[in-house]
Amino acid sequence: MNLQQNVSLKPYNTFGIDVIAEYFTELNDINALQEITDLPHQKYILGGGSNILLTEPVSGLVVHNTLKGITIEKEDANNIWLNVQAGEVWHDVVLYAINRGLGGIENLALIPGTVGATPMQNIGAYGVEVKETIESVTFWYWKEKTFLTYSNRECAFGYRDSIFKRQLKDKAFITSVVYKLSKKPTYNTSYGAVAQELESMGVHAPSVKAIAYAVMNIRTSKLPDPKMIGNAGSFFKNPTITKKQFEKLRTQYDSIPSYPVNEELIKIPAAWLIERCGWKGYKTGDIGVHAKQALVLVNYGNGKGKEIWKLSGDILKSVKEKFDIELEREVQVW
Ligand code: EPU
């Protein structure tokens with residue numbers, strides 16, 4: 001194990017925030033976990049750093065997960081089970097799948113981050129959530145110094161949520177994930193923008209590749225590339241409100257977009273609420289709200305985590321005041 005001291009985390013978070021970690025190590029061999037566990041420092045796990053806001057120096061040990069490898073665990077006539085190490089870049093797994101015609105994750109193309117984060121926050125986009133393909137998740141359980149494997153059901157997946165964000169928060173280090181992909185894919189083109197993009201690409205019979213390319217086109221046209229402008233994707237979750245509250249809002253704002261969750265609950269795009277509060281394209285110093293997607297907060301260069309945190313608080317406050325809806329941050333804050 002190569003233990004480094006006073007390392008800048010700027011290259012390790014997509015917001016591009018420059019804070020120092022007291023201790024830092026790369027984990028590329030799971031056998032080192034035992035040794036790391038025995039170190040006295042508080043541990044912080046970092047994957048792709050694409051869903052994190054660093055607000056202050058980290059006093060403790062940052063473990064950067066760089067475990068690599070994709071293997072076929074088993075297959076039958078209809079499916080293939082891919083065992084993927086948690087440090088693999090997620091989009092590389094999507095490319096692996098679409099290049100072999102395997103279905104299930106094509107709608108999740110270009111989501112930044114690594115495999116370990118996919119079950120953690122049940123990544124989702126364009127009508128698909130990764131929980132639909134996760135068979136199991138293996139993790140190192142710090143307290144017991146042992147590996148455990150949880151089935152899909154045990155992961156308690158919800159919207160951008162799982163047991164790893166709740167009961168197992170800071171207790172589990174995800175080391176690998178098994179995805180069940182389909183050799184005979186059924187396509188999900190239910191999301192309006194995907195259907196439109198396929199149409200304008202001239203695709204009439206969809207394929208996993210075509211859908212992935214449509215999603216990549218949409219994402220690159222709307223979402224900032226973290227290599228160019230620091231960001232962590234959606235900063236807030238889309239809130240769920242009651243039908244009653246929704247009907248009341250609709251009397252004032254008849255164009256309010258909505259998606260039914262069940263008989264009683266309705267999901268509202270947080271981006272719409274934030275835009276109506278006047279934040280879209282807002283810029284102060286080196287930080288702001290993306291001009292093409294109001295759900296994305298951005299760092300134009302030397303923004304500080306604390307400044308972004310404050311901006312997110314101001315946004316929460318104004319949405320609460322205008323719509324009486326409490327937004328919830330989606331990113332993890334250190
Ligand atoms: N909208 C606005 N203003 C904006 C952007 C969007 O009013 O600036 C409204 C429009 O009415 C639009 C609706 O919001 O139709 C939905 O917008 P979009 O399709 O861009 O999706 P979203 O709800 O803002 C969610 C996910 C994204 C995911 C997209 C596509 C969350 C928190 N975010 O965003 O996920 O890519 O759907 O499925 O659920 C992420 O989690 O980091 C992420 C990018």
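Refer to the structure above for everything that follows.
Scope of this entry: the structure provided in the associated data block.

What counts and what doesn't
Residues numbered from 1 in each chain as written. Predicted model: local features only at pLDDT ≥ 70, side-chain atom pairs only at ≥ 80, totals over all residues. Heavy atoms only, no water. Buried < 20%, exposed > 50% of the residue type's maximum accessible area, 1.4 Å probe, protein only. Helix = DSSP H or I, 4+ residues; strand = E, 2+ residues; numbered from the N terminus. Core = buried A, V, L, I, M, F, W, Y, C linked by side-chain atoms within 4.5 Å. Contact = heavy atoms within 4.5 Å. Near = heavy atom within 4 Å. Polar contact = N/O pair within 3.5 Å; in protein donor to acceptor, adjacent residues only side chain to side chain. Areas by Shrake-Rupley, 256 points an atom, 1.4 Å probe, with all protein chains shown as cover. Nonpolar A, V, L, I, M, F, W, Y, C, P; charged D, E, K, R; others polar. Domains from an automatic or database assignment.

### Here we look at unusual backbone geometry
Positioned with a positive phi, Lys145 is a non-glycine residue whose angle comes to about 50°. Among the residues examined, Lys145 registers a relative accessible area of 38% and is labelled partly exposed. Even without glycine at this site, Asp324 takes up a positive phi of about 55°. As for its placement among the helices and strands, Asp324 is situated in the loop between α8 (305–323) and β20 (332–333). Relative accessible area serves as the criterion here: at 48%, Asp324 is assigned to the partly exposed category.

### Examining the nonpolar core
In this structure, Trp90, Phe164 and Tyr179 are the most contacted members of the largest nonpolar core, which totals 46 residues. Elements that contribute at least two residues to this core include exactly β7 (79–85), α2 (90–99), β10 (134–141), β12 (172–182), α4 (192–200) and α5 (208–222). Examining the composition of this core, we find that eight residues originate from one element, α5, more than from any other. Residues in contact with Trp90, not counting those within four places in the same chain, are Ile105, Leu108, Ile111, Gly113, Thr114, Val115, Thr118, Ile123, Val130 and Tyr179.

### Some details on the site of the ligand
Within the structure, the ligand sits among 24 residues, and Tyr126, Tyr159, Tyr191, Ser234 and Glu275 are positioned closest to it. One of the side-chain nitrogen or oxygen atoms of Arg160 is found 2.9 Å away from an oxygen atom of the ligand. Between an oxygen atom of the ligand and a side-chain N or O atom of Tyr191, the distance comes to 2.6 Å. Compared with its free state, where it exposes 810 Å², the ligand has 83% of that area covered by protein. When residues of the shell around the ligand are traced back to their parent elements, those giving at least two are β8 (124–125), α5, β13 (230–234) and α7 (270–276). The dominant element in the shell around the ligand, judged by the number of residues it contributes, is α7, at three residues. Along the lines of polarity and charge, the residues of the shell around the ligand split into 12 nonpolar, five polar and seven charged. Taken domain by domain, the shell around the ligand gets at least three of its residues from each of domain 2 (70–182) and domain 3 (230–333).

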